[in-house]
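Reading the structure
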Amino acid sequence: LASGGAHKRLLLKSPVHTARVRMMHAMFPKATFVFIHRHPYEVFQSAVHMADAYYWQCYFQLPSAQDVEEFILYQGELLHRVYTEDIADVPPGQRTEVRFEDLHADPMATLSALYTALGWGHEFEQV
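What comes next concerns the included structure. Just so it is clear, the structure is predicted and the values come from calculations on it, not from any experiment.

1. A few points about the overall build of the chain
A tally of helices and strands in the chain yields 5 helices and 2 strands. Listing the helices and strands of the chain from first to last along the sequence gives α-β-α-α-β-α-α. Based on the C-alpha atoms only, the size of the chain along its principal axes is roughly 50 × 35 × 30 Å. Accessible surface, the chain: about 9,800 Å² in total, of which carbon and sulfur atoms supply 59%. If you average the places of the 10 positive and of the 15 negative side-chain charges in the chain, the two averages end up 10 Å apart.

Quick look at the structure:
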């Protein structure tokens, strides 16, 4: 799984992977899941920006702003619902959640707490 060494971790940060917890946990039963969450309004604004900046190259015809917004809201609800259902099957020591605001305000303290919560505290000094 990890190129370049047995002790490397794979990091998937794309929001669509939020709905793939069950599949990833089945494929990689020792995997650790870190869910970084932020206020829904900020998530929506970010998704609209992403759609405006990058999705245009995927369209066969240009959607209306309302179509894009409805898709973002639908996708957000779907991702959150599936994540909430599936993460419950992951053992507590293999999952944790972090507020984006905490990570942004004090990255080192937040990462230190994250490493400790997951039992990786001894590895934090190497970061």
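2. With respect to the nonpolar core
In terms of nonpolar packing, the biggest core is built from 7 residues, these being Val-21, Met-24, Phe-33, Phe-35, Tyr-83, Ile-87 and Val-90. Listing elements by their share of this core, those giving two or more residues are α1 (21–27), β1 (33–37) and α3 (65–87). When residues no more than four places from it in sequence are discounted, the contact partners of Val-90 are Val-21, His-25, Phe-33 and Arg-95.

3. Comments concerning the pattern of salt bridges
On inspection of all chains with the given rule, the structure shows 7 salt bridges. Across the pair Arg-38 and Glu-42 runs a salt bridge, and its minimum N-O distance is 3.6 Å. Judged by its relative accessible area of 33%, Arg-38 falls in the partly exposed class. Here the salt bridges do not stand alone but share partners, grouping Arg-22, Asp-86 and Asp-89 into one network.

4. What about the side chain of Gln-94?
Topologically, Gln-94 is positioned in the loop between α3 and β2 (95–99). Here the side chain of Gln-94 touches Ala-31 through a polar contact of 2.7 Å, landing on its backbone oxygen. Not counting residues up to four positions away in its chain, the partners in contact with Gln-94 are His-25, Pro-29, Lys-30, Ala-31, Thr-32, Phe-33 and Leu-118.

5. Let's talk about a nonpolar patch on the surface
Taken together, Met-50, Tyr-54, Tyr-55, Phe-71 and Tyr-74 make up a surface patch of nonpolar side chains, about 530 Å² in accessible area. For the nonpolar patch, the secondary-structure elements that each account for two or more residues are α2 (40–54) and α3.

The rules behind each value
- Along each chain, residue indices are assigned from 1 in the same order as the chain's sequence is written.
- Restriction of local features to residues with pLDDT of at least 70 applies here, the model being predicted, together with a cutoff of 80 or more for giving and counting side-chain atom pairs; totals for whole chains, interfaces and linings are based on all residues.
- Neither water nor hydrogens contribute to the side-chain values; these are computed over all heavy atoms in the structure.
- The helix and strand labels rest on DSSP assignments: H or I over at least four residues marks a helix, E over at least two residues marks a strand, and numbering proceeds from the N terminus.
- For the area figures, the Shrake-Rupley method with a 1.4 Å probe applies, and any residue is considered shielded solely by the protein chains shown.
- Asp and Glu are treated as the negative residues and Lys and Arg as the positive ones, with His and the ends of the chain left uncounted.
- Charged groups are reduced to one reference atom each: NZ for lysine, CZ for arginine, CG for aspartic acid, CD for glutamic acid.
- By nonpolar core we mean a set of buried residues, namely Ala, Val, Leu, Ile, Met, Phe, Trp, Tyr and Cys, connected to one another through side-chain atoms within 4.5 Å.
- The classification of residues rests on relative accessible area computed with a 1.4 Å probe and restricted to protein chains. Under 20% of the type maximum is buried, over 50% is exposed, and intermediate values are partly exposed.
- Whether two residues touch is decided by their heavy atoms; if any such pair falls within 4.5 Å, the residues are in contact.
- Just to be clear on terms, a salt bridge is a Lys or Arg side-chain nitrogen sitting within 4 Å of an Asp or Glu carboxyl oxygen.
- Any pair of N or O atoms that falls within 3.5 Å is considered a polar contact. Within protein, one atom must be able to donate a hydrogen and the other to accept it, and sequence-neighbouring residues count only if both atoms are side-chain atoms.
- To count toward a patch, a residue needs a relative accessible area above 30% and no salt bridge. Like charges then connect within 9 Å, nonpolar side chains (Val, Leu, Ile, Met, Phe, Trp, Tyr) within 5 Å.

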